[in-house]
Amino acid sequence: MAVDLQALADNIIKGKKGPAVELTREALDEGVGPEAIISDGLIAGMAVVGERFKKNEFYVPEVLIAARAMHACMDILKPLLEESGVKPVGKVIIGTVKGDLHDIGKNLVAMMLQGNGFEVVDLGVDVAPEKFIDSVKETGATVIALSALLTTTMPGMKQTIDALQAAGVRDNVKVMIGGAPVTQKFSDEIGADGYAPDAASAVDLAKVLVGIAA
Ligand code: B1M
């Protein structure tokens with residue numbers, strides 16, 4: 001019987017780690033690709049969690065429990081995503097900007113990029129501009145994806161772009177930005193190369209930025 005990815009999403013929403021992991025394994029056994037499991041199961045579930053939090057139907061502990069279930073599933077899928085790629089379609093450095101510790105959305109974006117053939121260098125959270133610059137120089141990546149979830153850390157995105165400019169490497173990389181408070185308007189204002197509202201759009205944008213999609 002085909003695994004219902006909505007059931008996986010429902011278990012993520014409820015934070016039921018065991019059943020979520022089981023459904024992830026079952027879906028893989030039945031030949032469902034990791035990308036579909038991420039987008040129709042994990043991201044679909046986390047999107048509902050975000051919505052319920054906005055409406056005050058969920059509080060932070062429920063979000064964290066859902067994220068824990070999601071991470072347990074991601075642990076299973078990540079090695080498969082890494083194995084599946086033949087030659088990376090591009091290299092992306094990703095990180096949450098300085099002062100900001102939110103990483104659930106950033107991790108989803110990283111996973112989706114990997115699932116779509118990108119090599120991803122994940123610098124984690126609270127990443128200072130200098131660290132992005134060092135990573136550009138070390139890895140030769142052509143895209144940087146910046147995440148911010150706090151209005152107070154959004155200026156870190158502009159600081160990073162300014163620092164790339166000052167270090168003489170701005171022309172080597174495209175900068176894309178995202179995170180709940182970020183908008184296209186803000187992206188335009190700070191001179192980023194693009195904004196993506198969610199993980200799936202981030203993949204589409206990355207493809208455009210590396211020149212494999214229009
Ligand atoms: Co925080 N928090 N938090 N928090 N937290 C928010 C963001 C907040 C909106 C809650 C609220 O008050 N309503 C609020 C920010 C208000 C504001 O600035 N406007 C807030 C606050 C205030 C804080 C603290 C300051 C609380 C405090 O201590 N007083 C504190 C700050 C800590 C810090 O960072 N220095 C804090 C702490 C935390 C926890 C540690 C408890 C935890 C984070 C755990 C973790 O990430 N490991 C946490 C959480 C979980 C949240 C909420 C509840 C959920 C965020 C989340 O994971 N959403 C959040 C409320 C909310 O968003 N409704 C909130 C699910 C995730 C899948 O969505 O991250 O939006 P999201 O990612 C999406 C897109 O945005 C996009 O794609 C993702 C998938 O589709 N995207 C990108 C994200 N990054 C991208 C990068 C890209 C492209 C797309 O690159 C191109």
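Higher on the page you've got the structure.
Everything quoted here is computed from the prediction, not taken from an experiment.

Colleague: Can you help me understand helix H7 (residues 155-166) in this one?
Modeller: Along an α-helix, residues three or four positions apart point the same way, because every turn accommodates 3.6 residues. An ideal rise of 1.5 Å per residue puts 16 Å on 12 residues; H7 measures up with 16 Å between its terminal C-alpha atoms. Those residues of H7 not exposed but buried are Gly156, Met157, Thr160, Ile161, Ala163 and Leu164. Along the axis of H7, the buried residues cluster in a sector spanning 160°; they form a single face. Seen from the buried face of H7, the exposed residues on the opposite side, beyond 90 degrees, are Gln165 and Ala166. Where H7 is buried, its residues contact helix H6 (129-139), strand E3 (143-147), strand E4 (174-178) and helix H8 (184-190). Looking one or two residues past H7, Gly168 carries a phi angle of roughly 80°, positive in sign.

Colleague: How should the coordination of the cobalt atom of the ligand be read in this particular structure?
Modeller: Ideal coordination angles are 109.5 degrees for a metal with four donors arranged tetrahedrally and 90 or 180 degrees for a metal with six donors arranged octahedrally. Of all protein atoms, His102 (NE2) alone acts as a donor to the cobalt atom of the ligand, lying 2.2 Å away. Mapping His102 onto the fold places it in the loop between strand E1 (90-96) and helix H5 (104-115).

Rules used in this analysis
- Residue positions within a chain follow its written sequence, with the count starting from 1.
- Restriction of local features to residues with pLDDT of at least 70 applies here, the model being predicted, together with a cutoff of 80 or more for giving and counting side-chain atom pairs; totals for whole chains, interfaces and linings are based on all residues.
- Hydrogens and water are ignored here; the side-chain numbers use all heavy atoms of the structure.
- Runs of H or I in DSSP of at least four residues are treated as helices and runs of E of at least two as strands, each being numbered from the N terminus.
- To estimate how far a helix should reach, multiply one less than its number of residues by 1.5 Å.
- Accessibility here uses a 1.4 Å probe with only protein chains present; expressed as a share of the type maximum, an area under 20% marks a residue as buried, one over 50% as exposed, and anything in between as partly exposed.
- Here the arc refers to the directions that run from the helix axis out to each C-beta atom.
- Here a residue-residue contact requires only that any non-hydrogen atoms of the pair lie within 4.5 Å.
- Donor criterion used throughout: N, O or S atom within 2.8 Å of the metal, extended to 3.2 Å for Na, K and Ca. Water excluded; incomplete-looking sites may result.

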